[in-house]
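Listed below, chain by chain, are the residues.
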Amino acid sequence: MSGWDCHAHLFGPYARFPLAGERSYTPPEATREQYLALLAQLGFSQGVLVHPSAYGDNFSLLLDALAADARLRGVVVVRDPTAAQLRRWRAQGVRAARFSHRSAPGANFAGSAALDDLVRLAPMLADANMHAELWTDCQALPGIAGLLAALPVTVVIDHMGGFGWQAGVNEPGFQALVRLVASGRAWVKLCAYRNLMTAPGLEPGRAFHSALLQANPAQLVWGTDWPHLRVEPAPATGDLLDTFRRWTGDADIERAILVDNPARLYG
C-alpha cells in the first residue's frame, strides 16, 4: 500500500546544514536519504517533515528537502511570517505552521511558537491554504478546546494529544480531544509511543487509539515520529506501523488513515 508518514524530522548533514548555535539538544544526523530509505522500507511513498527547534528560524534544510523530492511536505515553526512568505512556502510544499501549548513547566521550547501566536496567525494561515499543527497535552486541552474549535483554520493535534495512559480514556482532557475530532473541528496524528514511555509496552495505548477511531476516522493521520528524538532505546519504526495496523484492524479504515486522509490534508 502506498502511504504517508505524517510526522518526521531531518537533521544534517551538519557540514551543509549546521544546527542553530542556541539550542536545547544536539541530535545525531538524520538525513533525507536515510528518511527516504525508511519510507521505502515501510512501503510508503510520501512524508511530512516537521521543522525541529534545533534549527531555530533557519528553514534551509526543510526547503531543500522539499525542493529535492516532490513527495515530501513540510511544517514550519514561525511567529511573525508575512502573508507573502506563507504563500511562497505553500508553493514550495509547506502545508502547516506548528505551535506549542503544553502544561508542564518548561515543556515548551524557547523559540517555539505559542498558543497566542496560533490565535493571531490563524486567519493568515487560512488565507494561505495552510493549517495549524499543535503540540499539546490532555492537561492543557480542557482549557483550550473551545478556542481551538472556534479558530478559522484547520488544527492538527500532535501525538494523540499527549494522553496519560494511566488516567484512561475517560480522563477529561482526552475526552475533550475526542469531542474535537468527532465534531470535525480538529485532526489528530496517531503516534502513541511517546505517551507510553512509562507503560509496560505499547498495549495500554490501544484503548486511546480505538476511541479516536470510533470518534471520527476521517480526521486521523499516522506518523512515525522518526528519528525518535531523545528516546532510548528508540522504537523500531516498522514495529510502530505493525502496531497501528493491529490496533486498527480494518483494511478500509487503515487505507483512509494512511492514504486518503493525508492526501486531503497535505496533498
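Here goes a summary of the coordinates provided.

About the thresholds
Residues numbered from 1 in each chain as written. Predicted model: local features only at pLDDT ≥ 70, side-chain atom pairs only at ≥ 80, totals over all residues. Heavy atoms only, no water. Helix = DSSP H or I, 4+ residues; strand = E, 2+ residues; numbered from the N terminus. Rg over C-alpha atoms; globule rule 2.2 N^0.38 Å. Buried < 20%, exposed > 50% of the residue type's maximum accessible area, 1.4 Å probe, protein only. Contact = heavy atoms within 4.5 Å. Areas by Shrake-Rupley, 256 points an atom, 1.4 Å probe, with all protein chains shown as cover. Lys, Arg positive; Asp, Glu negative; His and termini not counted. Charge placed at Lys NZ, Arg CZ, Asp CG, Glu CD. Pairing = 2+ DSSP bridges. Right-handed = clockwise from strand over helix to strand, strands pointing away. 1 Å grid on protein atoms, 1.4 Å probe; cavity = no way out; pocket = protein on both sides within 12 Å on 5 of 7 lines; lining within 4 Å. Points joined across faces, edges and corners; volume = space filled by probe spheres on them. Nonpolar A, V, L, I, M, F, W, Y, C, P; charged D, E, K, R; others polar. Disulfide = S-S within 2.5 Å. Polar contact = N/O pair within 3.5 Å; in protein donor to acceptor, adjacent residues only side chain to side chain. Salt bridge = Lys/Arg side-chain N within 4 Å of Asp/Glu carboxyl O.

## Notes on the overall build of the chain
When helices and strands are tallied, the chain shows nine helices and eight strands. By the compact-globule yardstick of 18 Å for 267 residues, the chain fits well, its C-alpha radius of gyration being 17 Å. Expressed as a percentage of the 267 residues in the chain, the buried residues total 55%. A separation of at least 24 residues holds for 74% of the contacts in the chain among residues at least 6 apart in sequence. When the accessible surface of the chain is summed, it comes to about 11,100 Å², and 52% of that surface belongs to carbon and sulfur atoms. Within the chain, the 24 negative side-chain charges are centred at a point lying 4 Å from the centre of the 23 positive side-chain charges.

## Brief notes about the pairing of strand E1 (residues 4-8)
Counting buried positions over the five residues of E1 gives five, a clear majority of the element. Note that E1 and strand E2 (residues 46-50) share three bridges and pair parallel. Each residue of the ladder has a partner; that of aspartate 5, found in E2, is glycine 47. For the segment spanning E1, helix H1 (residues 32-42) and E2, crossover handedness is right-handed.

## Some thoughts on the pairing of strand E4 (residues 94-101)
Most of E4 is tucked away, with seven of its eight residues classed as buried. By the bridge criterion, three bridges tie strand E3 (residues 72-76) to E4 in an arrangement that is parallel. Counted as the bridge partner of valine 76 is alanine 97 from E4. Two elements, E4 and strand E5 (residues 131-136), share six bridges in a ladder whose sense is parallel. Bridge assignment links arginine 98 to a residue of E5, and that residue is glutamate 133.

## Regarding empty space enclosed by the protein
Under the counting rule described, the total for this entry stands at two cavities of 30 Å³ or more. What lines the largest cavity is a set of 13 residues, and nearest its centre among them are Cys191, Ala192, Trp222, Leu240 and Trp247. A breakdown of the residues in the lining of the largest cavity according to their chemical character gives ten nonpolar, three polar and no charged. Taken as a whole, the second largest cavity holds about 70 Å³ of empty space. Lining the second largest cavity are Ala8, His9, Leu10, Leu49, Val50, His51, Pro52, Tyr55, Asn58, Leu61 and Leu62. Counting only elements with at least two residues in the lining of the second largest cavity, the list comes to E2 and helix H2 (60-68).

## Overview of the state of the cysteines
For the structure shown, the criterion picks out zero disulfides. Cysteine cysteine 138 remains unbridged, with the sulfur of cysteine 191 as its closest cysteine sulfur at 14 Å. On the accessibility criterion, cysteine 138 (1% relative accessible area) is buried. Summary of cysteine pairing: cysteine 191 is not part of a disulfide, and the nearest cysteine sulfur, belonging to cysteine 6, is at 11 Å.

## Comments concerning the side chain of glutamate 254
Considering the arrangement of structural elements, one finds glutamate 254 in helix H9 (residues 251-266). You can call glutamate 254 buried: its relative accessible area is 13%. In this structure the side chain of glutamate 254 is engaged in a polar contact, spanning 2.9 Å, whose partner is the side chain of arginine 245.

## Focus: the side chain of aspartate 137
Tracing the sequence through the fold places aspartate 137 in the loop between E5 and helix H5 (141-150). Among buried Asp, Glu, Lys and Arg side chains, aspartate 137 stands out as unpaired, with arginine 102 the closest opposite charge at 5.6 Å. For aspartate 137, the side chain forms a polar contact with the main-chain nitrogen of serine 103, separated by 2.8 Å. At 3.1 Å, the side chain of aspartate 137 forms a polar contact with the backbone nitrogen of glutamine 139. Apart from the residues within four sequence positions on either side, aspartate 137 is in contact with His101, Arg102, Ser103, Ala104, Gly161 and Gly162.

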